[in-house]
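# Notes for the structure review
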Amino acid sequence: MLDKTNAKIINKLLKVCPNGYKVFELDELCSVLQLKEDELKECLNYLKDNEFLDIKYTDDSVVCLSLLPKAKVEEEVKV
C-alpha cells in the first residue's frame, strides 16, 4: 500500500503519461505535485525501487519515466 504522497504522484502521472515514457522538467513536476525537489526525487526512487515506475533517464533538471502495470493496478484498486 502506498502512502498519500506516493499515491498522489501515481495518480497525477497516470493522467499525463498513461502509456509509454515521457520527459518531465523536475521543477514543473515539483510545482504540480507541490513537493520540494529532494522530496520528489526520494518518492520517484521509492516508486522505482518498488516497481511502480521505470526511470529511463534523469539529471539535475529532467526525468524520463514511464508507469509500470503495478502503478495502474494500484490506482484501479482505489477506484
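Everything below is about the structure shown above.
Okay, so let's go over this structure. (Residues numbered from 1 in each chain as written. Predicted model: local features only at pLDDT ≥ 70, side-chain atom pairs only at ≥ 80, totals over all residues. Heavy atoms only, no water.)

On to the pairing of strand β3 (residues 62–67), then. For β3, the tally of buried residues reaches six of six residues, placing the bulk of the element in the interior. Along β3, one buried face is formed by Val-62, Cys-64 and Ser-66 and the opposite face, lined by Val-63, Leu-65 and Leu-67, is buried too. With four bridges connecting them, strand β1 (residues 22–25) and β3 associate as antiparallel partners. When the bridges of β3 are listed, Phe-24 appears paired with Val-63. In the sheet, strand β2 (residues 53–58) pairs with β3 via five bridges, with the strands oriented antiparallel. By the bridge assignment, Ile-55 is partnered in β3 with Leu-65. Between β2 and β3, which pair antiparallel one after the other, the connecting turn spans three residues. (Buried < 20%, exposed > 50% of the residue type's maximum accessible area, 1.4 Å probe, protein only. Helix = DSSP H or I, 4+ residues; strand = E, 2+ residues; numbered from the N terminus. Pairing = 2+ DSSP bridges.)

Before going further, it helps to examine the nonpolar core. Formed by 24 residues in total, the largest nonpolar core has its most connected members in Ile-9, Ile-10, Leu-13, Leu-40, Leu-44, Val-63 and Leu-65. Listing elements by their share of this core, those giving two or more residues are α1 (4–16), α2 (26–33), α3 (37–49), β2 and β3. Counting residues per element, this core draws most heavily on α1, which supplies five residues. Aside from chain neighbours lying at most four places away, what touches Leu-13 is Pro-18, Phe-24, Leu-29, Leu-53, Leu-65 and Leu-67. (Core = buried A, V, L, I, M, F, W, Y, C linked by side-chain atoms within 4.5 Å. Contact = heavy atoms within 4.5 Å.)

We now examine the sheet that holds β1. The strand order β1-β3-β2 describes an open sheet built from three strands, whose pairing is antiparallel. Here the strands that pair on one side only, and so sit at the sheet edges, are β1 and β2. This sheet shows a mean twist of 30° between the axes of neighbouring strands, independent of strand direction. Of the strands in this sheet, β1, β2 and β3 are in contact with α1, which crosses β3 at around 90°. Its contacts with the sheet put α2 on β1 and β3, and the angle it makes with β1 is roughly 80°. (Axes fitted to C-alpha atoms, helices over the stretch in contact; angles between N-to-C directions.)

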